[in-house]
Amino acid sequence: MGFRFGGFTVFFDFSFFAMLGAFLSLEHSGRNMGHIFPALLIHELGHLAAAFIVHIPIDRMCFSCFGIELVRKQGISSAGWRQEAFVYLAGPMINLCCAAGFLCLPGNFETAAAVHLVLGLFQLLPVGVLDGGCIADVILEHFFESGKAAFWGLVLSIAALIPLAIAGWALMRGEQRNFTLLLCCAFLMLSIWKK
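Residues numbered from 1 in each chain as written. Predicted model: local features only at pLDDT ≥ 70, side-chain atom pairs only at ≥ 80, totals over all residues. Heavy atoms only, no water.

### Structural notes on the packing of aromatic side chains
Stated precisely, the cut-off is as follows: Two rings from Phe, Tyr or Trp (for Trp, the six-membered ring) form a pair when their centres sit within 6.5 Å of each other. Planes less than 30 degrees apart are called stacked, planes more than 60 degrees apart edge-to-face, and all others tilted. Here a helix means four or more residues in a row that DSSP labels H or I, a strand means two or more in a row labelled E, and each is numbered from the N terminus.
Per the stated rule, a full pass over the model turns up 3 aromatic pairs. Here W81 and F143 contribute two aromatic rings whose centre-to-centre distance is 5.7 Å and whose plane-to-plane angle is 65 degrees, an arrangement assigned as edge-to-face. Remark: F143 occurs in helix α5 (residues 131-143) and W81 occurs in helix α3 (residues 81-104); sequence separation between them is 62 residues.

So, in structure tokens, the structure goes:
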């Protein structure tokens, strides 16, 4: 399902709605929903703005369970590795700037700041399809041939996921029985395998 918006197509894969339904069923209180979706939208707008700044024309934005992918127009020469890294970095940096901004505002904006902070830091992890993983891939592909770059990208992803998985296991075994981080690690492993 898709529609045309501002010169590019926005496409929603069925898996996006399945993941959204699963997330909504786990978030019973609904109190964070008012912060999460705007943070995700601001994150993606950061990528779009950066692509516009470095003149990377975007053909479509695809929403799936593995995240949101910006697809550049066919036939356009690829941008340099610095420009691509800048586009990937823009989303998390916008979230971190928003977190700092919310913390400076008078009033009760701690939840909004926390959502932006967690999203920004999480996306900077050098893992698979996350922005940090894409930045690592772009840099590795610039300095190494594709086989070595893919190998070191995988090593970097696994090295980042091991401590997260250990922390997720500890949280699941703890008093609160929170399995979210462990589930997230499994999802990221699946995204690496898919990639």
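### A few points about the packing of α3 against α5
Condition: Helix axes use the C-alpha atoms of the stretch in contact, all axes being lines fitted to C-alpha atoms, and the angles between their N-to-C directions lie in the range 0 to 180 degrees. Roughly parallel here means an angle under 35 degrees, roughly antiparallel means over 145, roughly perpendicular means 65 to 115, and every remaining angle is called oblique. What makes two residues a contact is simply this: any of their non-hydrogen atoms within 4.5 Å.
Between α3 and α5, whose axes approach to 9 Å, the crossing angle comes to 170 degrees. Here α3 is positioned roughly antiparallel relative to α5, judged by the angle of their axes. For the pair formed by α3 and α5, the contact residues are W81, E84, A85, Y88, L89 and P92 on the first element and D131, C134, I135, V138, I139, H142 and F143 on the second.

### Overview of a nonpolar patch on the surface
Heads up, the rule is: Nonpolar side chains (Val, Leu, Ile, Met, Phe, Trp, Tyr) are joined into patches within 5 Å and like charges within 9 Å, using only residues with over 30% relative accessible area and no salt bridge. Exposure was quantified through the Shrake-Rupley algorithm and a 1.4 Å probe, taking into account, for residues, occlusion by the shown protein chains and nothing else. Each salt bridge in this description consists of a side-chain nitrogen of Lys or Arg and a carboxyl oxygen of Asp or Glu lying within 4 Å of one another. Accessible area is worked out with a 1.4 Å probe on protein chains only. A residue is then buried under 20% of its type maximum, exposed over 50%, and partly exposed in between.
Taken together, the side chains of I139, F143, F144, F151, W152 and V155 present a nonpolar region at the surface, about 580 Å² in accessible area. Listed by contribution, the elements that provide at least two residues to the nonpolar patch are α5 and α6 (146-173). Turning to its location among the elements, W152 is positioned in helix α6. Using a relative accessible area of 43% as the deciding quantity, one classes W152 as partly exposed.

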